Amino acid sequence: MSMIEELKELGVRADEGIDRFGGDEELYVELMEDVVTEIEAHEVLCCFESGDLDTALANAHCLKGALGNMCISPLYEDYEAIVRLIREGDAEAAKQRTIEMLPVQDKILECIKKYL
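Everything in this summary refers to the structure shown in the same document. What you see is a predicted model, and the numbers here were worked out from it, not measured in a lab. (Residues numbered from 1 in each chain as written. Predicted model: local features only at pLDDT ≥ 70, side-chain atom pairs only at ≥ 80, totals over all residues. Heavy atoms only, no water.)

### Structural notes on helix α6 (residues 73-87)
Residue pairs three or four apart in sequence face the same way in an α-helix, which turns once every 3.6 residues. With 15 residues, α6 should reach 21 Å at 1.5 Å per residue; the first-to-last C-alpha distance of 21 Å fits that figure. Within α6 the residues assigned to the buried category are Ser-73, Pro-74, Leu-75, Asp-78, Tyr-79, Ala-81, Ile-82, Val-83, Leu-85 and Ile-86. Looking at the buried side of α6, the elements it contacts are α3 (25-41), α4 (45-50), α5 (53-69) and α7 (91-115). Downstream of α6 by a residue or two, Gly-89 has a phi angle that is positive, lying close to 85°. (Helix = DSSP H or I, 4+ residues; strand = E, 2+ residues; numbered from the N terminus. Expected span 1.5 Å × (residues − 1). Buried < 20%, exposed > 50% of the residue type's maximum accessible area, 1.4 Å probe, protein only. Contact = heavy atoms within 4.5 Å.)

See below:
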């Protein structure tokens, strides 16, 4: 099985993502390394735990954009909700949503790293 097929099984709209890059599957796969880097560099849960909501918002917003561009829908939707909840002043719900999505994020990262 390929990275693309495994990602699809995890809910990633990989075909749509590849289309965004002119149908260049190789480029899409190469850019997955950047996805790993962005997720690891913009940790959100630790920001909630330290009470730094400004950085939690900035990190979640950054990830929302990066994941949306790659059509990594499960994570994009979660980060979109996290951003919305923080902006609405419900940091506790945003933190809970972050905690709940981490297993999915971990599976997607594990899949990508397996092929890098």
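Past the structure itself, the notes keep going.
### Quick notes on the packing of aromatic side chains
According to the stated counting rule, one finds one aromatic pair in the structure shown. For the pair Phe-21 and Tyr-28, a centre-to-centre distance of 6.2 Å together with 55° between the ring planes defines the contact as tilted. (Phe/Tyr/Trp six-rings, centres within 6.5 Å; stacked < 30°, edge-to-face > 60°.)

### Looking at a negative patch on the surface
On the surface, Asp-24, Glu-25, Glu-26, Glu-30, Glu-33 and Asp-34 cluster together to form a negatively charged patch. Examined against the element boundaries, Glu-33 turns out to sit in helix α3. A relative accessible area of 46% places Glu-33 in the partly exposed class. (Patch = residues over 30% accessible without salt bridge, like charges linked within 9 Å, V, L, I, M, F, W, Y side chains within 5 Å. Areas by Shrake-Rupley, 256 points an atom, 1.4 Å probe, with all protein chains shown as cover. Salt bridge = Lys/Arg side-chain N within 4 Å of Asp/Glu carboxyl O. Lys, Arg positive; Asp, Glu negative; His and termini not counted. Charge placed at Lys NZ, Arg CZ, Asp CG, Glu CD.)

### So, the nonpolar core
Within the largest apolar cluster, 32 residues are counted, with the highest numbers of intra-cluster contacts made by Met-32, Ile-72 and Tyr-79. Elements that contribute at least two residues to this core include exactly α1 (3-9), α2 (14-20), α3, α4, α5, α6 and α7. Beyond its immediate sequence surroundings of up to four residues, Tyr-79 is in contact with Val-44, Ala-60, Leu-63, Lys-64, Leu-67, Met-101 and Gln-105. (Core = buried A, V, L, I, M, F, W, Y, C linked by side-chain atoms within 4.5 Å.)

### Overview of α3
Taking 1.5 Å per residue as the helical rise, α3 with its 17 residues ought to reach 24 Å, and the 25 Å between its terminal C-alpha atoms agrees with that figure. Taken together, the buried residues of α3 touch α1, α2, α5, α6 and α7. At the N-terminal boundary of α3, the capping side chain belongs to Asp-24, with an oxygen 3.2 Å from the backbone nitrogen of Glu-26. (Polar contact = N/O pair within 3.5 Å; in protein donor to acceptor, adjacent residues only side chain to side chain.)

### So, the side chain of Asp-78
Mapped onto the elements of the fold, Asp-78 is located in helix α6. Within polar-contact distance, the side chain of Asp-78 engages the side chain of Arg-97 at 2.7 Å. In this structure Asp-78 touches Arg-97 and Met-101, once residues within four positions along its chain are discounted.

### A closer look at the packing of α5 against α6
Orientation of α5 relative to α6, taken along the N-to-C sense of each, is 150°, at an axis distance of 8 Å. As far as their axial angle goes, α6 and α5 are roughly antiparallel. The handedness of the crossing between α5 and α6 is left-handed. When α5 is examined against α6, the residues Leu-53, Ala-56, Leu-57, Ala-60, His-61, Leu-63, Lys-64, Leu-67 and Gly-68 are found in contact with a partner set consisting of Leu-75, Tyr-76, Tyr-79, Glu-80, Ile-82, Val-83, Ile-86 and Arg-87. Classifying every residue of the contact of α5 with α6 gives twelve nonpolar, two polar and three charged. (Axes fitted to C-alpha atoms, helices over the stretch in contact; angles between N-to-C directions. Parallel < 35°, antiparallel > 145°, perpendicular 65-115°, else oblique. Left-handed = near helix turned anticlockwise from the far one by under 90°. Nonpolar A, V, L, I, M, F, W, Y, C, P; charged D, E, K, R; others polar.)

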